[in-house]
Amino acid sequence: MAASELYSKFARVWLPDAAEVWKSAELVRDYTPGDQRLSLQLEDGTLLEHTLDPQTKDLPPLRNPNILVGENDLTSLSYLHEPAVLHNLKVRFVDSKLIYTYCGIVLVAINPYESLPIYEADIINAYSGQNMGDMDPHIFAVAEEAYKQMARDERNQSIIVSGESGAGKTVSAKYAMRYFATVSSSSGEATVEERVLASNPIMEAFGNAKTTRNDNSSRFGKYIEIGFDKKYCITGANMRTYLLEKSRVVFQAQEERNYHIFYQLCASSHLPEFKNFRLGHADDFHYTNQGQNPVIGGIDDAKELVNTRNAFLLLGIDRAHQLAIYQILAALLHLSNVEIKEESADKSTIVPNNAHLKVFCELLGVSCEEMTHWLCRRKLKTTTETFVKSLSKINAVNGRNALAKHIYARLFSWIVDNVNNVLKSKAKQRSFIGVLDIYGFETFEINSFEQFCINYANEKLQQQFNLHVFKLEQEEYMREEIPWTLIDFYDNQPCINLIESKLGILDLLDEECKMPKGCDDTWAQKMYNTFQKQNAHFEKPRLSNRAFIIHHFADKVEYQCVGFLEKNRDTVNEEQIIVLKKSQFGMLLKLFENDEKASGSAKRQSRPGQKETKKTVGLQFRQSLHLLMETLNATTPHYVRCIKPNDDKAAFMLDPFRAVQQLRACGILETVRISAAGFPSRWTYQEFFIRYRVLLKQKDILPDWKQTCKNLLEKCIQDKNKYQFGKNKIFFRAGQVAYLEKLRFDKLRQACVRIQKTIRCWLARKKYLRMRAAAVLIQKHVRGYQARCFVMFLRRTRAALVIQRSVRMWLNRRRYLQMRSAAITIQCFLRSYMARQNYYKLIYERTAVIIQRWVRGWLVRKQYKRTLAAIVLLQSCVRRMKARRELKELKAEARSVEHFKKLNVGMENKIMQLQHKINEQHKENRELSERLNTVERTQAVEREKQNKDFENLRRSEEEARAKAESVPSLLEQLSFLHEELENTRREKGLIEEQAKQYLDQTQKVVQDLNVKNDDLTKENTEMQKLISVQAQKLAEINANFGDKKQLEMDLSEERSRYQNLLSEHLELEERHRDLKEEMNSTSVPKFIHKRNDSYYSSNSSEFSQSLGSTDTEDNSSHTENESTVDLPLMVKLQRRVKELELEKQSLSHQLENREETVQLVEDERSAGRTELDLETLKRQELENENKKLKQDLNELRKSLTGENNELMPPAPGSTPYNVLLDHLTSSTEELEMRKEEVLLLRSHMVRQEALKHKDSELGDSVKLNLTEMPTCQDTGRSKNIHTLNEDGELWLAYEGLKETNRLLESQMREQERTHSAECKRLREELSKLKEDRAEQQKFLAQSLQLPEAARIDAGLQHEITQLTTENLELMEEQDRQDKMIRSLRKQLKFYMKKVDDYEASAQLKERASTVTPPAINVNITRKEKEYQGMLKYKQGDENRLLKNLVTDLKPRGVAVSLIPGLPAYIIFMCLRYADNVNNDQRVTALLNTTISSIKGVIKKRGNDFEMVSFWLANTCRLLHCFKQYSGEKMYTEQNTPKQNEHCLSNFELSEYQHVFEDLAIQIYRQLIKCMEDIMQPLIVSSMLEHENVKGVLGSKPTGLRKKSSSFPEDGTATIEALLQSLGVFYSTMSQHGMDPPLTKQVVRQMFYIICAITLNHLLLRKDMCSWSKGLQIRYNVWQLEEWLSERDMADSGAKEMLEPLVQAAQLLQIKKKTEADAQAICSMCTELTPTQIVKIMTLYTPVIEFEERVCTTFIDTMKELLKDRDKSPTLMMDTKKIFNVMISFTASSVAFDTIQIPTSLNLGFLTRM
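Residues numbered from 1 in each chain as written. Predicted model: local features only at pLDDT ≥ 70, side-chain atom pairs only at ≥ 80, totals over all residues. Heavy atoms only, no water.

**Notes on the overall build of the protein**
Secondary structure summary: the protein contains 54 helices and 25 strands in total. In the protein, which comprises 1809 residues, the share counted as buried stands at 41%. Looking at the protein alone, contacts between residues at least 24 apart form 72% of all its contacts between residues at least 6 apart. Of the roughly 105000 Å² of accessible surface on the protein, a fraction of 54% belongs to carbon and sulfur atoms. (Helix = DSSP H or I, 4+ residues; strand = E, 2+ residues; numbered from the N terminus. Buried < 20%, exposed > 50% of the residue type's maximum accessible area, 1.4 Å probe, protein only. Contact = heavy atoms within 4.5 Å. Areas by Shrake-Rupley, 256 points an atom, 1.4 Å probe, with all protein chains shown as cover.)

Take a look at the structure:
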C-alpha cells in the first residue's frame, strides 16, 4: 500500500511537541512522493508546514481511527507507536476514569490518587471464573488468570509488579493477595488468608516511608509466595525481602520521613505501656526530624500503630514481643540524640552522664561505660598485636549511625522470619503463586549505591520480560503455522555483563573493599581504566572523576562513587556488637543469634589458617537476585506495570513527559515495538467476515468463510507481505486494519449517501401528494360549509317572525294582569290602615290610665324610703359608739398571754409536724450514714463529703427553726389583712346587689338573643364535631396506613434477617454434620451397641434439638451449630464423643444390671407363687378402686351440673368448671400411677406363671429373654399354651414390661431435663441478682456524689426504670400463663369429650349385657369399608417408611403418574394414626425422622433441581396439612365437614410448624442456588454476547487478549436456550404441585439474578456499552416479558426486577448531548444508582463510525444533577441477594380417605384404617 493512499487529505498524524510530547494534526492536502513538506492544520485551527527529514524522509506517525481509541488492549490499535499508546492511555485515564489497560501480556496500572469503588467483594465475585479478555482490564483479572492457570496447568505462577516510587506497586500487590484470599478461602483453616493480609500493615510500618514522590513508598523489595493445597485453597505463605534501604534510618532528605514505625511510636508515646521509653514528639529526635515534615496529610500515626499492633496479634506475636520491638526502636531514637564532641582532629568524646545514652543503654540492657568507650574508639588487629585507636568525630558519628542501621536491619529480618514462621502451614503445599513487589527503575539528581542495585535488578527483570514476550510471539506464530522471521528486540545482556560478569563493576567493587586502604576514588579509576573504551554501555562524565554513567535500557544514569565502598562493606564496630551481645535484654540477644550460628558454621567450614571473610552487600544482593530469577523462570509470569501520572499527586491528571519516561523505563514501549515488528492485529475469520462483509458484493460471498476472506484481502491489499493467513486467524501488519477501516467507512458513507438520496426523493413526493390531497379536501369542505350557511339563514328568518308574534301577545297580556293586581292591592292597604288607626286610639287611652297609677304609687314609696333611711342612720350611729367601746376592750384583752396561747394552738401543731419531719430526716440520715459506713469504710474522702452533707442538713434545720419562729408575727399580719378583706367584701356585696338589679333587666333583653345565638352555636358545634370526627377518622386512616407500611417494612426486614440467620444456621449445621461424618469415618468404634426403643427415642429427641425445636434438652449440640470457628468446633465435637462414650458405658452398666436382675429372678422362683397370689389380689383391688373412681367422677359431674341440666357441661371459667378441672388433674395423676402399678403387677404375674410351668411342656418355650419373647400368634406350639396365654396375656405382659421400661426411662429423662432446666434457671436468676446488686452498688456510689435534689431525681428515675422492667417481665409471664391456660382448657374439653364418649359406650355395654338377644339365624351382608384417612404402622417402622418414601423415591415417576404432594399426604396420614393412638413418641420419632430424611436428600442431591423442587413442594404441602388440620378457625374455613373430622385431636404441632417452615426456607434457598448454578453460564452469553442478527451489531478488533466468542458455532448460549431453561424450571415446579405464590417468588428471584448478572457484566465490560448492544438487550428483555405473559406471571413482580437492565439499555440508546438530555436521563433512570449511570456513560464506546462518544462536560453535568439523589453509592448489584420468601397457606381439597397407596412405593407394611 502506497504512502499516498494513507497520507491523503484529512488524514491525521502525530507531531513531536515540546510541551505535550506529541500533538495531533490533520493533512490539508494530499501527500505525493517526493514532497519535502506536509501542509497540516492543528486541532486549534493553526496552519503548519511540517518539514520532513531530508536524510530519512520519515513521515510522521499516523493517528488511529476514532473507533479504535480507548481500547482495552493497546495491541488492538492498528498503528502501534509511542503517540498512539500515550493517547490511548490518556483517553482511558483522564476521560473515562479507567486506570487499567492491557498491553499484550502486561497490565498497565496508573495511580489515580483517589479511592475508587472497584475493589469490593462483589467486583471480586464478578471477575471470579471469567476469562481474562472477557472483562475490562483489572488487577483481579490478572490474579484470576494466574489462579486459573495454576489450577489448569498445575504450574506455579508469579505476578511481577514493578514501577517507580509512588506508582502504586504496593497497593496492586495487596489487592492481588486479597483476591487470592477471597476466591480460595477454605473452611478448614480460615485464618490463613487473614494472616497473609495482616502481614501488609506490618511490612508497611517497618519498610515504607514518605519520599518526595510518594507518601507510602516501599523502601525494600519483597517476593511473597502464597501456597495452595490440592484443592487450591491457601495453606500458607513465605516472604523474601531484598535490599532494605538502611541509610534512611539515619538520614532523610528534605520533605521526607524515616520509616513509619518511628512516627507511630512517637505519636503514641502517651500510652502507659510506653512511659518507660521516655519518648516525645518526632521533632525531638535527630533520626526523625531531618526531613522537617513529620506529618502526612490525612494519616493518623497513632491509629496506624493500633492497626500494626492488631496485625502483630493476628500473626501470633504477643504483646510482650511487641513491647520488646518498640523498646529497641525507642533505643535507636535515643541513640540518634547522643552528642559526640570533637577533642582534636583524631579524637572525640561523649559528654559524661549523657541522658540519651543512659536511656539507650537502659532500654537495651547494656553497660553504659562500655558503650560510651567503644562509640569513640575502635580496636585494630595486626598480625602481632592488638591496639585501641580513638576515632575522629566524623568516624564516631558514622560508627554510631552504622550501629543504628545494623540493629534496625537485624530487627527487620527478625520480623520477616517470624512472619514467615507464622504463615507456614503444616499442610502439604502443592503449588504457589508468587507476588513480586519490587522497585522500578530510579534516577535522581544524586544516585548512589541503592539506585545502582535497584537499576541492576530492573535490568535482569527486563531481560526476562523481553525473552518471555518474544517467546509468546513465537509460540503464537508457530501455533497458527505462519512463516515468521526473527524479530529484532533490545537485548540488555551487555549491560548486565558490565555489572555482574567477571571483572565487572560489582567484582571491582568487592575487590576494592578487600583492599586495606581501598577508597571510592581508586575504585573509580579502576573502572575508568577497565571499561571506558572497551564497553559502550559505560561512560565517564566530563567534569567529574568520582562518578560514572551506565547506559541502561531505560535511560542513562550517572552514579556518584562517594559512599559505594562503605555501603557495600556495611561494616559496624565489632566491639559495639560484642557489647550488645552481653545485654540482659532477651529480645536483643535473639537478633544476634544467627550471627553466632553463622560464625560457628563458617569456622567449621573454613580451613585452618584461612581468614574468615564477610559477604558484601553487592554479593548478597547478586545471589538473592539470581535466586529470584531462577524462581521466576520456573513459573509462568504475569506482569503489572504501575505508572505514576504526575508528581503533584493530583487525581486523574496525566503528565505526558512523566508518563512517556515511565513507559520507556518499564518496557511497555518495547512490548509495543516487538508487537509492531510482527503482526500486531489479529482477527478470526468469522470476526473479519462479519466486520468487513460490506466490502463484498453478494455474488462474492462463498460458503467457505476462509476463502471469502482471502479473496477480499487479495482484492483490497495488493502487498501480500502485509498479512498472513493462519489456521484460525488472519494476521495483519501495523496500519492495515486502519486502512481496512477507511475502506469500510468509505463504503458505508457511499451507501449512506445513496440511502439519503432515495429517502429524500420519497419524502418530497410524499409531501407533494399529501399537500394536493389536502387542497382538494379543503375545497370540498368550504363549499359544503357555504351551502349550509345559506340554509341556516333562511331557517332563522322564518323563526324570527314566529317569535315576534308570540312575544307581542305575551307582553300585552302581562300588562293587563299587572294593572288588575295593583288595584286590588291598593284597596287592601287602605282598609287595613283605617283599622289600625282605631286600634291605636284605644291603646293610647288605656296606657295613660296605667301611667297615672304607677306614678302615684312611686311617690308614696319614695317618701317611705326617705323616712326609713333616717331611722337606719340613727341606729348606725348608736351602734358605732358601742363598737368602739368593745374594740378598746378587745385591744386590752389581745395584749394578754392567754390570747397568744389561743392564737398559737395551730402553730404548735405545725411545729410538731415540722419536728416530726425533721425526726424522719434524721432517721433517713442515720440510715444513709450506716450504709455509707458499711459500704465505704476504707474511703476517708467519702466520709468527709458525708460530714459536709450532715452540716448542710443541720444548717437547713436551723434555718427551718428560724423560719418557724417568725411564723406567729406573720400570722398576726395575716389576721389583720383578713379583717380588711372582709370589709372590702361587704362593700363589694352591696355594689353587686345594685348591679344585679340592672343586670336582670338587661339579661332579660339579652336572653332572647342568647337563645337564638345558642341555637346557632349548637348547630355550629355539631357541624364542627362532625368535621373533627371525620378529620380524626381520616387521620386515623392515614396513620394506620403509615403504620401498616412501616410495619410491613419492619416485617420484611425482620423476615430477611431471620431467613439470613436461618441460612447461616443451616449451613453451620450441615458443616457440623460433615465434620461429624468425617470424624465417624476416620474413627470406627470397636463394637456397636444394639439400641432399644428407648435409646432410639432419646436419639430422636436429641436430633430434634438440632432442628431448632423448642425443647432445650441438648444445649451443647445447639451451641455447636452456632459456632463459626473450627477449632472450638473440633473441641466441642471431641467433648460430644466423650459424652457418647460415657452414655455407652452407662448403657452397658444398665445391661449388666438387668442381667443381674434376671439372675435374681431365677433365685427367687421358690417364693414366686406366694407373691403371685398377693399380686393378683392387689390387681383386683386396684381394678375395684378404679371403678369406684369412675363412679365418683360421674357423681361429681352430676352434682356440679345439677339435675335440670344433666346434658350440659359446666361453662369454662365457672366454679364447677374449676373444681372439675382440679379433680380431673388429680384423678388423671392417680390413674397414671395406678396404670404403672398394674403394668408392674402384670409383669410379675407373667414371671410367676413362667416359674410355675417350668417343668411342664411350656418350660422350654417360655423364657425371660426380652429380645426373643414369642407372640400369641405362633402356631407351632402345644395346645396347652392356651392355659397360660388364652387371652394373649403373655404378649400383653411383654408389651407392658416394655412400656414400663420406656415409662421409667422417660421419667428419668424428664427429671433430668427438669433438673437441668431448674439449675439453668437458678443460675440465670443468680447471675441476674448479681448484676442487679452490682448495678445498685454502682448507682448508690454515683448518687452519693450528686447534690440532694439531683440524688432524689436520680433515685426516682432509677425506681421508675426498675418498675417498668419488672412490669414488662410480669406482662410476658402473664402472656405465657394465658397461653398455658388456653392449651389446658383445650385439653380439658377434649378429656371431657372422651369421658362422655366412654360413659356412653359403658351404658350401651351395660344395656347389651342386661338384654339378651333372641337366638335367631340372620344373614349378615358385608358393608363396604369406610376409611378414616389414617395409615397404621408399627412403632419402629419410621426409618423403613421414610427410606422408601423419601430417600429412595424418584420424583419423576411420582410427578407424572400420581397426585402432587402424595409423600406429604402419606406422612400426614401416618401422623394422624400416631395422634389417634395418643403416642407422643411416635409423633416425635416420625416428624424428626422426616426432617432428617428430607435434609439428607437435599444435602446429597442438592444440585438436582428436580429433586429439590419436588421436596420443596412436598414440604410446603406437609406444612399446609399441619395448619389445615390443626383445628384453628382461620385455617379450617375452607375445609369440608369430612376434612374437619380429620383434624388432629391429641397434639398441637405449632412448634413443628415453625421447624418445617424453616426447613422449607432452607430448601427454597437451595432451589435458588441450584437454579442460579444452572443458569449462570447462560445469562451473560444469551443476554449480552449472542447476536440474533449477524453483522447488525458489529465487532471490533480484540488484540492479543482472547475474548469469548459470540457465535453459536463456539457453543455460545442464545436467548432461546435461556427461555428454554426457564420453561423447564416452570413446568417442573408445576408438575410437582408447587404453590402458585411460591412459584411466582421463584420466578421473581430468577429474573432478579438475570438482571443483576447482566448489569454487572455490562458495567465491567467496555466493549458491551454501545448503542447496538442496548438494542440487543431491549430485544432480549422483551423476550423475557413475553415468556412471563404467556404463563400468566405478569403480576409476580418479575417484570419489575428487570427495570434496572431496561433503563441501562435505554441509557445506551438515548441522546446524550444537551442539558435537556441530562434531565431526561435523570427522570428515566430511577432504578439505577448515580455511580452506575456515570459508569455506563463513561464506558460508552462507539462500534461504528457514525456514533459519538459521550463528552466529559455532559458527564460532569450528569454528576451535578445526580449528586442529591439518595441512592446507594455501590456500583454492582448484589447477585447473592435472596428476597424474603413468604410461604402463604394454601388449603388442599384432597380427602385422606380417598387416597390410595400405589404398590410402586413399596409401602405394603402400611394399613389403611
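Now that the structure is up, let's keep going.
**Thoughts on the sheet that holds strand 22 (residues 723-725)**
Read across the open sheet, the three strands follow the order 21-23-22; overall the sheet is antiparallel. Either end of the sheet is taken by a strand with one partner, and the two such strands are strand 21 (681-684) and strand 22. The sheet shows a mean angle of 20° between the axes of neighbouring strands, direction not considered. Of the strand pairs in this sheet, strand 22 and strand 23 (residues 729-732) are connected by three bridges, and their pairing is antiparallel. In the sheet register, Tyr723 faces strand 23, and the bridge partner there is Phe732. (Pairing = 2+ DSSP bridges. Axes fitted to C-alpha atoms, helices over the stretch in contact; angles between N-to-C directions.)

**With respect to a positive patch on the surface**
A surface patch of positive charge is lined by Lys697, Lys699, Lys715, Lys747, Arg754 and Lys757. A total of three residues in the positive patch trace back to one element, the largest contributor, which is helix 26 (residues 736-894). Looking at where Lys757 falls in the secondary structure, it is placed in helix 26. (Patch = residues over 30% accessible without salt bridge, like charges linked within 9 Å, V, L, I, M, F, W, Y side chains within 5 Å. Salt bridge = Lys/Arg side-chain N within 4 Å of Asp/Glu carboxyl O. Lys, Arg positive; Asp, Glu negative; His and termini not counted. Charge placed at Lys NZ, Arg CZ, Asp CG, Glu CD.)

**Quick look at the confidence of the model for the protein**
Interpretation of this model should avoid reading the predicted coordinates in detail wherever pLDDT is low. Taken over all residues, the pLDDT of the protein has a mean of 77, while the share at 70 or more is 77%. Segment residues 606-612 is flagged for pLDDT under 50; beyond a separation of four residues in sequence, or across chains, it makes two contacts in the model. Ignoring residues within four places in sequence, the model shows residues 1082-1131, a span with pLDDT below 50, making 78 contacts including any to other chains. (pLDDT = per-residue confidence, 0-100.)

**Remarks on the packing of helix 43 (residues 1505-1524) against helix 47 (residues 1615-1631)**
Closest axis-to-axis distance for the helix 43/helix 47 pair is 9 Å, and the angle between their directions is 40°. Relative to helix 47, helix 43 is oriented so that their crossing is right-handed. Contact with helix 43, carried on its side by Phe1505, Glu1506 and Ser1509, involves Phe1625, Thr1628 and Met1629 of helix 47 and no other residues of that element. Classifying every residue of the contact of helix 43 with helix 47 gives three nonpolar, two polar and one charged. (Left-handed = near helix turned anticlockwise from the far one by under 90°. Nonpolar A, V, L, I, M, F, W, Y, C, P; charged D, E, K, R; others polar.)

**Thoughts on the packing of aromatic side chains**
Two numbers describe a pair of aromatic rings. These are the distance of the centres and the angle of the planes. One pass over the full model with this rule turns up 45 aromatic pairs. Note on Phe1468 and Phe1522: the rings are 5.9 Å apart at their centroids and 50° apart in plane angle, and the pair reads as tilted. Separated by 54 residues along the polypeptide, Phe1468 in helix 41 (residues 1462-1476) and Phe1522 in helix 43 bring together distant segments of the chain. Under the relative-accessibility criterion, Phe1468 is labelled buried at 0%. Overall, Phe1522 belongs to the buried group, its relative accessible area being 1%. Grouped by ring-pair contacts, the aromatic residues Phe449, Phe452, Trp523, Tyr528, Phe531, Phe538, Phe548, Tyr559 and Phe564 constitute a single cluster. Sitting above the plane of the Phe725 ring, Lys710 keeps its charged end 5.5 Å from the centroid. (Phe/Tyr/Trp six-rings, centres within 6.5 Å; stacked < 30°, edge-to-face > 60°. Lys NZ or Arg CZ within 6 Å of the ring centre and 35° of its normal.)

**Focus: the sheet that holds strand 11 (residues 234-242)**
Whenever strands of a sheet pair, they do so through backbone hydrogen bonds, lying parallel or antiparallel. Read across the sheet, seven strands follow the order 5-6-20-7-16-10-11 without closing on themselves; strand pairing throughout is mixed. On the outer flanks of this sheet lie strand 5 (100-103) and strand 11, each paired with one strand and no other. Going across the sheet, the axis of each strand differs from the next one's by a mean of 20°, ignoring polarity. One ladder, built from five bridges, connects strand 7 (residues 157-162) with strand 16 (residues 431-437); its direction is parallel. Its bridge partner lying in strand 16, Ser158 is registered against Gly434. Docked against the sheet, helix 2 (residues 82-95) engages strand 5 and strand 6 (106-110), running at close to 155° with respect to strand 5.

**A short note on the side chain of Asn1488**
Looking at where Asn1488 falls in the secondary structure, it is placed in helix 42 (residues 1480-1500). A distance of 3.0 Å separates polar atoms of two side chains, one belonging to Asn1488 and the other to Tyr1552. (Polar contact = N/O pair within 3.5 Å; in protein donor to acceptor, adjacent residues only side chain to side chain.)

**Examining the pattern of salt bridges**
In the structure shown here, the tally under the stated rule is 35 salt bridges. Residues Lys649 and Asp215 are paired through a salt bridge, measuring 2.7 Å at the closest nitrogen-oxygen approach. Here Lys649 is found in the loop between strand 20 (636-643) and helix 22 (656-665), whereas its partner Asp215 is found in the loop between strand 8 (208-209) and strand 9 (217-218), with 434 residues between them in sequence. Glu245 serves as the salt-bridge partner of Arg248, at 3.3 Å between the closest nitrogen and oxygen.

**Let's talk about helix 7 (residues 260-267)**
Burial runs high along helix 7: seven of the eight residues are buried. Along helix 7, the residues classified as buried are His260, Ile261, Phe262, Tyr263, Gln264, Leu265 and Cys266.

**Considerations on the pairing of strand 7**
Strand 7 sits mainly inside the fold: six of its six residues count as buried. What you see with strand 7 is no split at all: Gln157, Ile159 and Val161 on one side and Ser158, Ile160 and Ser162 on the other are buried throughout. Here six bridges tie strand 7 to strand 20, and the two strands are oriented parallel to one another. Within strand 20, the position partnered with Ser162 by the bridge is Arg641.

**Let's talk about the environment of Ala1718**
Examined against the element boundaries, Ala1718 turns out to sit in helix 52 (residues 1715-1724). When the C-alpha positions of Ala1718 and Met1758 are compared, they lie 6.0 Å apart, and in sequence the two are 40 residues distant. If we skip the residues at most four places from it in the chain, Ala1718 touches Phe1754, Thr1757, Met1758 and Leu1761.

**Concerning unusual backbone geometry**
Positive phi values are uncommon outside glycine, yet Phe10 reaches one of about 75°. As for its placement among the helices and strands, Phe10 is situated in the loop between helix 1 (3-6) and strand 1 (12-17). With a phi angle near 70°, Val21 is a residue other than glycine that sits in the positive phi range. Among the structural elements, Val21 can be located in strand 2 (residues 21-27). By relative accessible area, which is 12% here, Val21 ends up buried.

**Description of the pairing of strand 20**
The side chains of a regular strand alternate between the sheet's two faces. With eight of its eight residues buried, strand 20 lies for the most part within the structure. Of the two faces of strand 20, the one lined by Thr636, His638, Val640 and Cys642 and the one lined by Pro637, Tyr639, Arg641 and Ile643 are each fully buried. Bridge count between strand 6 and strand 20: five bridges; the pairing is parallel. Across the sheet, Leu107 pairs through a bridge with Val640, a residue of strand 20.

**Focus on the side chain of Ser1666**
Among the structural elements, Ser1666 can be located in the loop between helix 48 (1636-1659) and helix 49 (1667-1686). A relative accessible area of 2% places Ser1666 in the buried class. Here Ser1666 is in contact with Leu1708, Tyr1740, Thr1741, Val1743 and Glu1747, once residues within four sequence places are set aside.

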